[in-house]
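One letter stands for each residue in the lines below.
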Amino acid sequence: MPTILGQNQYGKAENRVVKITRDGATHHIKDLNVSVALSGDMEEVHYSGSNANVLPTDTTKNTVFAFAKEHGIESAEQFGIHLARHFVTSQEPIQRARIRIEEYAWERIETSDANSRFIGADDVKHSFVRKGQETRVSQITYDGEKWEVISGLKDLTVMNSTNSEFWGYVKDKYTTLQEAYDRILATSVSGRWRFNWTDDEQKMPHWEKSYEQVKKHMLHAFAETYSLSLQQTMYQMGSRIINNRSEIDEVRFSLPNKHHFLVDLEPFGLKNDNEVYFAADRPYGLIEATILRDGCEARIPVDMTNL
C-alpha cells in the first residue's frame, strides 16, 4: 500500500445546549457550545469503509443533551470531564476523547420594585441578559488514564487610557512610527491556561472559582502595570496568574494591539492634547507568549490562540 493513515479523529462539532436549572422561582442558565472529537482504533473505517468501530456522530450529539439532563452542568470543565470519561470508558475502540466547550454567560436582569408589583410578582428571578465581556472556553482531553484540562477566554477587550509608553525601539529607513510617552494601550485578550490536575487521584480544582480568580488576577495585572510594551504587560498578566493560582502551571496569551492614533486637528486650528483618537481595527500588532511555572514544560498548542 503506497499510503498509510495518519492522525485522525471524528465527532460532532458545535452542539448548542442550554440548561435551565429551576430552583423554585429562581432559575439559572448554562449556555454551552460543545464539540466532541474521538480517536482510537479507526483504521478500518478509513481503509475499507467498515463502520464496525464507529460510534455515530449523531449519538455523540444525543449524549451531550442527555448528559445535560443526567449530570447537569456544574461547570464547562466538569461537564467536559463527564463526556470524555463516558466516551473512552464505554466504547472499546475509542482511546482518546477531546471535548472543546465555549460558554456564553448570562446575568440576571434586576427589576424595579414598582414593576415587580405591577406584574404581580414579588421578585423576578427568571429574566436574563447576555453578558458581552468575553466567551469562556475549555478543552478537556482524556486517554483513559491521564487528563489534560485547558481553560481560557477570548474576546475580552480591555483598555488603559494612560500609563503606557512605547519608545527606544529599533529604527531603520522604513520606520515612521513616532515614540510615545503617553499612549492608549488596548487589546482583546485571548488566553488559555493549563491545570496541573492530570489524574483522578488528585484533588480536582474548583473550576468556577478558578476561572473567576484567574480573570481577576489577569485584569488587575493589566490595570496595575505601568506599561513600556504590551509584551511587558502580557508577562505580568501571566505571572500574576501563576503566582496566585497553584492549580495552574502554564498560561498562553495572544494579544492584538488595538492601536489608537492621535488625530491631527491642527488643520482645524485645534490642539489635540491626548483627547481625540482614531481607533484602527487593522492591521494590528499581534503579541503572543507562553508564561510557565518554573520547572514546567509548555503543552498548550501554539495554534490554539494565534491566527
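A brief report on the enclosed structure follows. This is a predicted model, so every value here is computed, not measured. (Residues numbered from 1 in each chain as written. Predicted model: local features only at pLDDT ≥ 70, side-chain atom pairs only at ≥ 80, totals over all residues. Heavy atoms only, no water.)

Some points on the sheet that holds strand 3 (residues 94-104)
Reasoning step 1: Read across the sheet, eight strands follow the order 1-2-3-6-7-8-9-12 without closing on themselves; strand pairing throughout is antiparallel. A single partner strand is all that each edge strand has here, and the edge strands are strand 1 (15-23) and strand 12 (285-292). For this sheet the average axis-to-axis angle between neighbouring strands, irrespective of direction, equals 20°.
Reasoning step 2: Looking at chain direction, strand 9 (residues 248-257) and strand 12 are connected through eight bridges and run antiparallel. Residue Arg252 lies in a different strand from strand 12, and its bridge partner there is Thr290.
Reasoning step 3: Contacts from helix 6 (residues 230-244) reach strand 8 (185-195), strand 9 and strand 12 within the one sheet, and its direction differs from that of strand 9 by about 155°. (Pairing = 2+ DSSP bridges. Helix = DSSP H or I, 4+ residues; strand = E, 2+ residues; numbered from the N terminus. Axes fitted to C-alpha atoms, helices over the stretch in contact; angles between N-to-C directions. Contact = heavy atoms within 4.5 Å.)

What about the pairing of strand 2 (residues 26-40)?
Reasoning step 1: Of all 15 residues in strand 2, 13 are buried; the element is thus mostly enclosed.
Reasoning step 2: Pairing analysis gives nine bridges linking strand 1 to strand 2, with the strands arranged antiparallel. The partner of Asp23 across the bridge, within strand 2, is Thr26.
Reasoning step 3: Between strand 1 and strand 2, which pair antiparallel and follow one another directly, the connecting turn spans two residues, one of which, Gly24, has a positive phi of 65°.
Reasoning step 4: Where strand 2 and strand 3 come together, 10 bridges link them in antiparallel fashion. Across the sheet, the residue bridging to Ala37 is Arg98, located in strand 3. (Buried < 20%, exposed > 50% of the residue type's maximum accessible area, 1.4 Å probe, protein only.)

Concerning the environment of Lys12
Reasoning step 1: Checked against the element boundaries, Lys12 lands in the segment before strand 1.
Reasoning step 2: In the structure, Lys12 is positioned 40 residues away from Ala52 in sequence and 18 Å away in space, judged by C-alpha atoms.
Reasoning step 3: Ignoring anything within four residues of it in the chain, the contact list for Lys12 reads Val34, Ser35, Val36, Thr57, Asp58, Thr60 and Lys61.

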